[in-house]
Amino acid sequence: MEPNKNLKQLLSEIDSKVVVCAATKYVDGKDSLKLLSYGINNFAENRVDAFLKKHEALKDYDIKWHFIGHLQSNKAKLVANKIDYLHSLDSLKLARIINENRDTPLDCFVEVSINGEESKDGIKPEDALEFVKEAMKFKNIHIVGLMMMSVKYSDHESLMSQFTKLVNLKKEIENEFSIKIPYLSMGMSNDYKEAIEAGATHVRLGRILFDGFSL
């Protein structure tokens, strides 16, 4: 599979300060490596088995690894020391297991179910302050941001409203604990433009990076 023939143009339209996390679950390690020539070296996986296989295959390359899917607590120890960022911290049980299995603090995004969808993982917005308070007690958990997923098929106005809720929640947490949470992981192939407009620092792009998909 080849990178999107318009990928260079697409990336030129994204602010260089925004981190493009390539969600590479659709492609193998060999094809993922083609993204390096475009300056993309942040790779994101959402399944533990696939991540471990790809991590081993690409261990000799300068890649920052992001885990963006729901991480089951019984598998957390398998990836704890292999990832650079976790975008889906959603329970204190998971935080505890990571804390016990990490050699150094792990940069984590707290996943928030900003829209209260039962099909989405993440903590409830109203529980965010208490969750962050407790998670910060673990020495190997370093909270650097919040993460969310938008409601499918939302229009521009709705997307902006959803993303702004996470922006405001970040500010609320920062004010409550007098800390700085620098990152917001929000936006995928179908809504990354709105996410960036709202303040995303990390976008999780998958299908749009490669030709051969119906976008």
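A short tour of the structure in this document, coming up. What you are looking at is a predicted structure, and each value in this text was computed from that prediction instead of being measured.

**Thoughts on the overall build of the protein**
Helix and strand counts for the protein stand at 8 helices and 8 strands. Taking 2.2 N^0.38 as the reference for a compact globule, 215 residues should give roughly 17 Å; the C-alpha atoms of the protein span a radius of gyration of 17 Å, in line with that estimate. Seen along its three principal axes, the alpha-carbon backbone of the protein occupies a region of about 45 × 40 × 30 Å. The buried share among the 215 residues of the protein stands at 48%. Of the contacts formed within the protein by residues at least 6 apart in sequence, a portion of 53% connects residues at least 24 apart. Carbon and sulfur atoms provide 46% of the accessible area of the protein, an area that totals close to 11,000 Å². The distance from the centre of the 30 positive side-chain charges to the centre of the 32 negative ones in the protein is 4 Å.

**Regarding the side chain of Thr24**
Along the chain, Thr24 falls in the loop between strand S1 (19–23) and helix H2 (29–32). With relative accessibility at 0%, the residue Thr24 sits in the buried group. There is a polar contact of 2.4 Å between the side chain of Thr24 and the side chain of Glu45. Ignoring anything within four residues of it in the chain, the contact list for Thr24 reads Ser32, Leu35, Phe43, Ala44, Glu45 and Lys54.

**A few points about the packing of aromatic side chains**
Inspection of every chain in the model, using the stated rule, returns 4 aromatic pairs. Between Phe43 and Trp65 the ring centres are 5.8 Å apart and the planes differ by 85 degrees, which places this aromatic pair in the edge-to-face class. Separated by 22 residues along the polypeptide, Phe43 in strand S2 (residues 42–45) and Trp65 in strand S3 (residues 64–67) bring together distant segments of the chain. Residue classification places Phe43 among the buried positions, given a relative accessible area of 0%. What makes Trp65 buried here is its relative accessible area of 4%. Look at Phe51 and Trp65: their rings are 5.5 Å apart centre to centre, the planes differ by 80 degrees, and that puts the pair in the edge-to-face class. Pair noted here: Phe51 is in helix H3 (residues 48–57) and Trp65 is in strand S3, with a separation of 14 residues, a long-range link. Through successive ring pairs, a cluster of aromatic residues spans Phe43, Phe51, Trp65 and Phe67.

**Details of the packing of helix H6 (residues 128–135) against helix H7 (residues 156–177)**
For the pair H6 and H7, the least separation of the axes is 10 Å and the interaxial angle reads 50 degrees. Classified by the interaxial angle, the pair formed by H6 and H7 is oblique. H7 is crossed by H6, and the crossing has right-handed handedness. Here Ala128, Leu129, Val132 and Lys133 of H6 come into contact with H7, specifically with Leu169, Glu172, Ile173, Glu176 and Phe177.

**Some remarks on the nonpolar core**
Leu86, Leu89, Val110, Leu166, Met186, Leu205 and Leu209 are the most contacted members of the largest nonpolar core, which has 61 residues in total. Top element by residues in this core is H7. It accounts for 7 residues. Leave out the neighbours within four places in its chain, and Leu166 touches Val112, Ile114, Leu146, Met147, Met148, Leu184 and Met186.

**Some remarks on the pattern of salt bridges**
Pairing between side chains of opposite charge can happen when the charged atoms of each approach one another. Under the counting rule described, the total for this entry stands at 7 salt bridges. Note that Glu45 is salt-bridged to Lys54, the shortest N-O span being 2.9 Å. Accessibility classification places Glu45 together with Lys54 in one group, the buried group. Among the salt bridges present, the one from Lys170 reaches Glu174, with a minimum N-O distance of 3.2 Å. Placement of both Lys170 and Glu174 in helix H7 is noted, with a separation of 4 residues, approximately one turn of the helix. Residue class for Lys170 comes out buried when judged on its relative accessible area of 10%.

**Side note on the environment of Gly206**
Along the chain, Gly206 falls in the segment after strand S8 (202–205). When sequence neighbours within four positions are dropped, the list of residues in contact with Gly206 reads Ala23 and Ser189.

**Overview of the pairing of S8**
Neither face of S8 is exposed, since His202 and Arg204 on one face and Val203 and Leu205 on the opposite face are all buried. Where S1 lies against S8, 4 bridges are found, and the strand directions are parallel. By the bridge assignment for S8, Ala22 is matched with Leu205.

Scoring rules and cut-offs
Residues numbered from 1 in each chain as written. Predicted model: local features only at pLDDT ≥ 70, side-chain atom pairs only at ≥ 80, totals over all residues. Heavy atoms only, no water. Helix = DSSP H or I, 4+ residues; strand = E, 2+ residues; numbered from the N terminus. Rg over C-alpha atoms; globule rule 2.2 N^0.38 Å. Buried < 20%, exposed > 50% of the residue type's maximum accessible area, 1.4 Å probe, protein only. Contact = heavy atoms within 4.5 Å. Areas by Shrake-Rupley, 256 points an atom, 1.4 Å probe, with all protein chains shown as cover. Lys, Arg positive; Asp, Glu negative; His and termini not counted. Charge placed at Lys NZ, Arg CZ, Asp CG, Glu CD. Polar contact = N/O pair within 3.5 Å; in protein donor to acceptor, adjacent residues only side chain to side chain. Phe/Tyr/Trp six-rings, centres within 6.5 Å; stacked < 30°, edge-to-face > 60°. Axes fitted to C-alpha atoms, helices over the stretch in contact; angles between N-to-C directions. Parallel < 35°, antiparallel > 145°, perpendicular 65-115°, else oblique. Left-handed = near helix turned anticlockwise from the far one by under 90°. Core = buried A, V, L, I, M, F, W, Y, C linked by side-chain atoms within 4.5 Å. Salt bridge = Lys/Arg side-chain N within 4 Å of Asp/Glu carboxyl O. Pairing = 2+ DSSP bridges.

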